[in-house]
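Remarks on the overall topology
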Amino acid sequence: MDIQSLGYRTDIMLRLLEGGERSDRGDHIVVRSPANQSYWWGNFLLLAAPPAPGDVSRWLASFAAEFPAAGHVALGIDVTDRSAVDPAEFEAAGLKFRHEAVLTAAEAGQPPRPNRAAEFRPLTGSADWEQALDLRIACIGPEDPPADRSFLESRIAGQRGLTEAGHGCWLGAFAGGRLVAQLGIVSDGGGVARYQDVETHRAARRQGLAGTLVYQAGRYALAQLAASTLVIVAEPDQQAIRVYRSCGFEVTEDQVSFEHPPAD
């Protein structure tokens, strides 16, 4: 199965670099993350095309067969335009429709107001990565899915592993020695680099930290990862997308998915 969606191509790239698995079934792809089986979007099906009417139940059964112990459901659709998918049948089956924007740029520009006060550098060593975990916990909002500490520890461990293996870099902004903003930039060497988890502590927002990190990560990707295309996937109605646009990114695709959280 040839994947059209740049968002899903880079999603799967990330999962594989983190130690995940990909199985091609012809009309869909199964993605697994054995080290973190509670990660919804590390354990999902990517459908080659929108289901025909009446076919959603078959895909729910396929997901259950592939992930019999999973409490969640996660189905991606390999389209680049959200209008190609009618969410009604999925929603009637109890799944939530998700639409994200895929933004791309050949290079990242400086934000309008770059931050020059913080210390910007890659995360190195256990102390930095412990701060990365603390920052991620601090950035979880009421609108975000619940996540326990063990899940977040597993995610951070996977991200640390792939950066220490040379597949990218995790950049942080430090103020007074404390990590207040971070992001990852990752590539498999194929010319595309994907941003990950752009996070800023609530008390440090509106200081140009995220935009400055986006710019610096873009420079790193072009110089160190041989990237020619930079990719960010973001919620289209969140303020963060304005930061990415200010650094020269443009929306080029939609990314469509459906999910159902584990039962309480």
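Refer to the preceding data block for the structure.
1. Re the packing of aromatic side chains
Summed over the entire model, instances satisfying the criterion amount to eight aromatic pairs. Relative to Phe 258, the ring of Phe 97 lies with its centre 5.4 Å away and its plane at 45 degrees, an arrangement referred to as tilted. Within this pair, whereas Phe 97 is found in strand β5 (residues 96–105), its partner Phe 258 is found in strand β11 (residues 250–260), the two being separated by 161 residues in sequence. In this structure Phe 258 comes out as buried when scored by relative accessible area, which is 0%. Through successive ring pairs, a cluster of aromatic residues spans Tyr 8, Trp 41 and Phe 44. Its end group placed over the ring of Trp 59, Arg 58 keeps NZ or CZ at 4.4 Å from the ring centre.

2. Concerning unusual backbone geometry
Despite not being glycine, Asp 197 has its phi angle at roughly 50 degrees, a positive value. As for its position among the elements, Asp 197 is in strand β9 (residues 192–200). Unlike most non-glycine residues, Arg 206 shows phi in positive territory, near 60 degrees. Tracing the backbone shows Arg 206 in the loop between β9 and α6 (209–224). For Arg 206, a relative accessible area of 75% translates into the label exposed.

3. Points about the pairing of strand β1 (residues 21–24)
Pairing between β1 and strand β2 (residues 28–32): four bridges, direction antiparallel. Considered in β2, the bridge of Asp 24 is made with Ile 29. Taken together, β1 and the strand that follows it, β2, pair antiparallel across an intervening segment of three residues, in which Gly 26 is found at a positive phi of about 95 degrees.

4. Structural notes on the nonpolar core
Counting 30 residues, the largest nonpolar core has Ala 173, Ile 185, Tyr 195, Leu 209, Val 214, Leu 230 and Phe 249 as its most contacted members. Those elements that provide at least two residues to this core are β5, β7 (168–175), β8 (178–187), β9, α6, β10 (229–234) and α7 (240–246). When residues of this core are assigned to their parent elements, the largest contribution, five residues, is made by α6. With near-sequence residues (within four places) excluded, Val 214 lies in contact with Ala 108, Leu 183, Tyr 195, Ile 232, Tyr 244, Cys 247 and Phe 249. Phe 44, Ala 74, Trp 129 and Ile 156 belong to the second largest nonpolar core, which has 24 residues in total.

5. Brief notes about the side chain of Arg 194
Structurally, Arg 194 is set in strand β9. Of note is the side chain of Arg 194, whose polar atom sits 3.3 Å from the backbone oxygen of Gly 7. Those residues within four positions of Arg 194 in sequence are excluded, and the remaining contacts are Gly 7, Thr 10, Asp 11, Met 13, Leu 14, Gly 184, Ile 185, Val 186, Val 231 and Val 233.

6. Brief notes about the sheet that holds strand β6 (residues 119–122)
If you walk across this open sheet you meet the 11 strands as β1-β2-β3-β4-β11-β5-β10-β9-β8-β7-β6, and the pairing is mixed. A strand with exactly one partner marks an edge of an open sheet, and here the two such strands are β1 and β6. Averaged over neighbouring strand pairs, the angle between their axes works out to 25 degrees when direction is ignored. Bridge count between β8 and β9: six bridges; the pairing is antiparallel. Bridge pairing in β9 places Gln 182 opposite Glu 199. Packed onto the sheet, helix α5 (residues 149–164) meets β7, β8 and β9 and runs at close to 115 degrees relative to β7.

What counts and how
For every chain, the first residue of the written sequence is number 1, and numbering continues from 1 onward in sequence order. Given that the model is predicted, a residue must reach a pLDDT of at least 70 before its local features are reported, and side-chain atom pairs must reach 80 or more before they are shown or counted; all residues, however, enter totals for whole chains, interfaces and linings. Side-chain metrics in this entry use all non-hydrogen atoms of the structure; hydrogen atoms and water are not considered. Two aromatic rings from Phe, Tyr or Trp, using only the six-membered ring of Trp, form a pair when their centres are within 6.5 Å; if the ring planes differ by under 30 degrees the pair is stacked, by over 60 it is edge-to-face, and anything between is tilted. The secondary structure listing takes helices from DSSP runs of H or I that are at least 4 residues long and strands from runs of E that are at least 2 residues long, numbered from the N terminus. The buried label goes to any residue with under 20% of its type's maximum accessible area, the exposed label to any with over 50%, and the partly exposed label to all in between, with areas taken from a 1.4 Å probe on protein chains only. A ring is considered to have a charge above it if a Lys NZ or an Arg CZ atom is located within 6 Å of its centre and within 35 degrees of its normal. Being paired, for any two strands, means DSSP has found at least two bridges between them. The set of buried Ala, Val, Leu, Ile, Met, Phe, Trp, Tyr and Cys residues whose side-chain atoms join them within 4.5 Å is what this entry labels a nonpolar core. Only heavy atoms enter the contact rule, under which two residues are in contact if any of them lie within 4.5 Å. Polar contacts, as used here, are pairs of N or O atoms within 3.5 Å; protein pairs need one atom able to donate a hydrogen and one able to accept it. Residues neighboring in sequence count only if both atoms are side-chain atoms. Where helices are involved, their axes are fitted lines through C-alpha atoms of the stretch in contact, as for all axes, and angles between N-to-C directions lie from 0 to 180°.

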